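The lines below spell out each chain.
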Amino acid sequence: MTAVDKNIPDAIVGDIDDDWRLKLLGEKVLLNNSIVDESTDVTFDIETSEQQLQEDRESMPTQAFFEGYEYIALFFGANYCPFCTKFAPSVVAAKQYLEEKKCKTIFVSNDRDQENFDQSCAKVRGLDAMKYDTSKTAVMREIFGLKTIPALIILPNKAFDQDKPEVFFNAREILELDPHCKNFPWGESRQAEPVTAWERLWIHGRHGNWWQVGHRNVSELHPEDMYIDEHAVRARAGLLNICTVVMLMNVFFIQEPDLVTYAFYPFVAWEFLSSLVFGLTPFSPLGWLGTLCATILHPKPLWKPANPKRFAWAIGMTLATTCMVFVQFRKDMGAVYKPAVAAVVFTCFVATWLEGNLGFCVGCYLYNEVIVGYFDREECVECKA
């Protein structure tokens, strides 16, 4: 999670009794009443009648609503957003824990009309809401730099007439990692201590041993879990992408099977096998080069869990082996050989291009969508951030 100081426009500060909470959230907050018990499943009845919603919607002056709290949590969501629907129960369930830490939570609707706002309120019953106002929501999205929803923004509830607040982004990710808010207020970074350039290239000391897949003690919430620098992973994906371009040229122009048998496959197989067992360093040639480039170009590492990355590399190893098998049986395959091997190589090309250029890991996506569901593994929330 990254803490960023945002400069709130001066026009907002000093308006409406010198309290920009009123400017952003309005003079009153809607009380979306419902008792949420931790011992029961949190479910949301979208069919809740509008009459019942209106009965529950008492209001309270905004300043009185936040009185006695040290922090404000703004949950941005909308009825049309399936990710908001999925994340909403986590926010509602965490409300009591946040209040114990003196943080008051409020729902900020990004809905397109009043009807959808009513349905959103039904989904987050138990979570009080800002009155429906698209203009105020647009102002907040601009101020806080929000590009996507859902989002959970944490603000300090103090000195609103003088100091400009510090805004904590990516609190959505941290909440899912720390649902009982034991570590709230969440710190500026999940990295416990800075990692030196040498420690990034060679795992040792407090981060573990050189033969480990990733670094330990780089996450406040999961110090014992292994993490890999995403910058290094993307750099290596770019290098692997170059390899796939060469192989595509071989399929259509060079047409030399021995290049695959004696050069390409041994190199790529070693690359993937060594990284699967030992991580990006020290035995993976492209992994080591990618880590070196990342260390030089990105002094601050971007840590991501290691297991989904290993799953992605296993897919890469499988595709490379499939290509090798096709080459060995090319005579038996006949006319099917060229389109088959081209399809495999092109798949590798697309996957490495997406990872290296867009930061989208196909393997990590499949890990969350397939492995988690069918093999009862824990979802990698940090992979989505």
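Notes on the structure in this doc start here. Numbers given for residues are sequential positions, taken from 1 along each chain in its written order. Per-residue local features of the predicted model are confined to residues with pLDDT of at least 70, and side-chain atom pairs are confined, for both listing and counting, to 80 or more; whole-chain, interface and lining totals are unaffected and use all residues. Think of the side-chain values as coming from all heavy atoms in the structure, minus any hydrogens and water.

So, the overall build of the protein chain
A tally of regular secondary structure across the protein chain gives 15 helices and ten strands. Methods summary: accessible areas were calculated by the Shrake-Rupley approach with a probe of 1.4 Å, and residue burial reflects only the protein chains presented. Surface exposure of the protein chain reaches about 19,200 Å², of which carbon and sulfur atoms provide 56%. Secondary structure is summarised from DSSP: a helix means a run of H or I of at least four residues, a strand means a run of E of at least two, and numbering begins at the N terminus for each.

As for the packing of helix α10 (residues 257-278) against helix α11 (residues 285-297)
Here the axes come from fitting lines to C-alpha atoms, over the contacting stretch only for helices, and the angles between their N-to-C directions go from 0 to 180 degrees. Remark: α10 packs on α11, axes separated minimally by 7 Å, with the N-to-C direction vectors making an angle of 60°. Listed contacts from α11 to Phe267, Trp270 and Glu271 of α10 are Pro285, Leu286 and Gly287. Residues are treated as being in contact if the distance between any of their heavy atoms lies within 4.5 Å.

Brief notes about the pattern of salt bridges
By salt bridge we mean one thing: a side-chain nitrogen of Lys or Arg within 4 Å of a carboxyl oxygen of Asp or Glu. This model, assessed by the stated rule, comprises eight salt bridges. For Asp133, the salt bridge identified is with Lys136, shortest N-O distance 3.3 Å. Taking the shortest distance from any N to any O, the salt bridge between Glu199 and Arg206 comes out at 3.0 Å. When accessible area is computed with a 1.4 Å probe and restricted to protein chains, residues below 20% of their type maximum are described as buried, those above 50% as exposed, and intermediate ones as partly exposed. Exposure remark for Glu199: the relative accessible area of 8% places this residue in the buried category. Residues joined by salt bridges that share partners form a network here, namely Glu230, Arg234, Lys309 and Glu355.

Comments concerning α10
Here α10 spans 30 Å end to end across 22 residues, near enough to the 32 Å set by a 1.5 Å rise per residue. For a residue, the bend is simply the angle between two axes, fitted respectively to the seven-residue segment ending there and the seven-residue segment starting there. At Phe264, α10 shows its maximal bend, which comes to roughly 40°, and the proline Pro266 appears one to four places after that position. Taken together, the buried positions of α10 are Pro257, Val260, Thr261, Phe264, Tyr265, Val268, Ala269, Glu271, Phe272, Ser274, Ser275 and Leu276. Tucked inside the fold, the buried residues of α10 contact α9 (230-254), α11, α12 (306-328) and α13 (330-333). The length a helix should cover is 1.5 Å for every residue beyond the first.

What about the packing of aromatic side chains?
Classification of ring pairs rests on two measures: the distance between centres of Phe, Tyr or Trp rings, Trp counted by its six-membered ring, which must be within 6.5 Å, and the angle between planes, read as stacked under 30 degrees, edge-to-face over 60 and tilted in between. Taken as a whole and judged by the stated rule, the model has 14 aromatic pairs. Geometrically, the ring pair formed by Tyr71 and Phe184 is edge-to-face, given 5.2 Å between the ring centres and 80° between the ring planes. Taken together, the residues Tyr71 in strand β4 (residues 71-77) and Phe184 in the loop between α7 (171-177) and α8 (197-201) connect sequence positions 113 residues apart. Of the residues examined, Tyr71 reaches a relative accessible area of 18% and is grouped as buried. On the numbers, 5.6 Å between centres and 55° between planes, the contact of Phe75 with Phe107 is tilted. Here the residue Phe75 occupies a position in strand β4, and Phe107 occupies one in strand β5 (residues 103-109), the gap between them amounting to 32 residues. Across the pair, Phe107 and Phe75 agree in class, each one buried. One aromatic cluster is present, built from ring pairs that chain together Trp198, Trp202, Trp210, Trp211, Phe278 and Phe283. The criterion is that NZ of a Lys, or CZ of an Arg, lies within 6 Å of the ring centre and within 35 degrees of the ring normal, and then a charge sits over that ring. If you follow Arg112 out to its NZ or CZ, it ends over the ring of Tyr80, 4.0 Å from the centre.

Considering the nonpolar core
When a protein is soluble and globular, its nonpolar side chains tend to lie buried together. Joining through side-chain atoms within 4.5 Å is the link that ties buried Ala, Val, Leu, Ile, Met, Phe, Trp, Tyr and Cys residues into a set, and such a set is a nonpolar core. Among the nonpolar cores identified, the biggest contains 31 residues, and Ile228, Trp313 and Val345 are the most heavily contacted of them. Every element with two or more residues in this core is listed here: α9, α10, α11, α12 and α14 (337-358). Other than its neighbours up to four places away in sequence, Ile228 contacts Val213, Gly214, Val233, Leu280, Leu302, Trp303, Lys304, Ala306, Lys309 and Trp313. Core analysis: the next-biggest nonpolar cluster, separate from the first, contains 27 residues, Val92, Tyr97, Leu127 and Leu175 among them.

Here we look at unusual backbone geometry
Cis geometry marks the peptide bond from Phe184 to Pro185; its omega dihedral reads 0°. As for its position among the elements, Pro185 is in the loop between α7 and α8. At the junction of Thr281 and Pro282, the peptide bond is cis and its omega measures out at 10° in the coordinates. Within the secondary structure, Pro282 is located in the loop between α10 and α11. A positive phi angle is found at Asn217, which is not glycine, with a value near 60°. Secondary-structure assignment places Asn217 in the loop between α8 and β9 (227-229). A relative accessible area of 27% places Asn217 in the partly exposed class. Unlike most non-glycine residues, Gln255 shows phi in positive territory, near 55°. Mapped onto the secondary structure, Gln255 falls in the loop between α9 and α10. Among the residues examined, Gln255 registers a relative accessible area of 45% and is labelled partly exposed.

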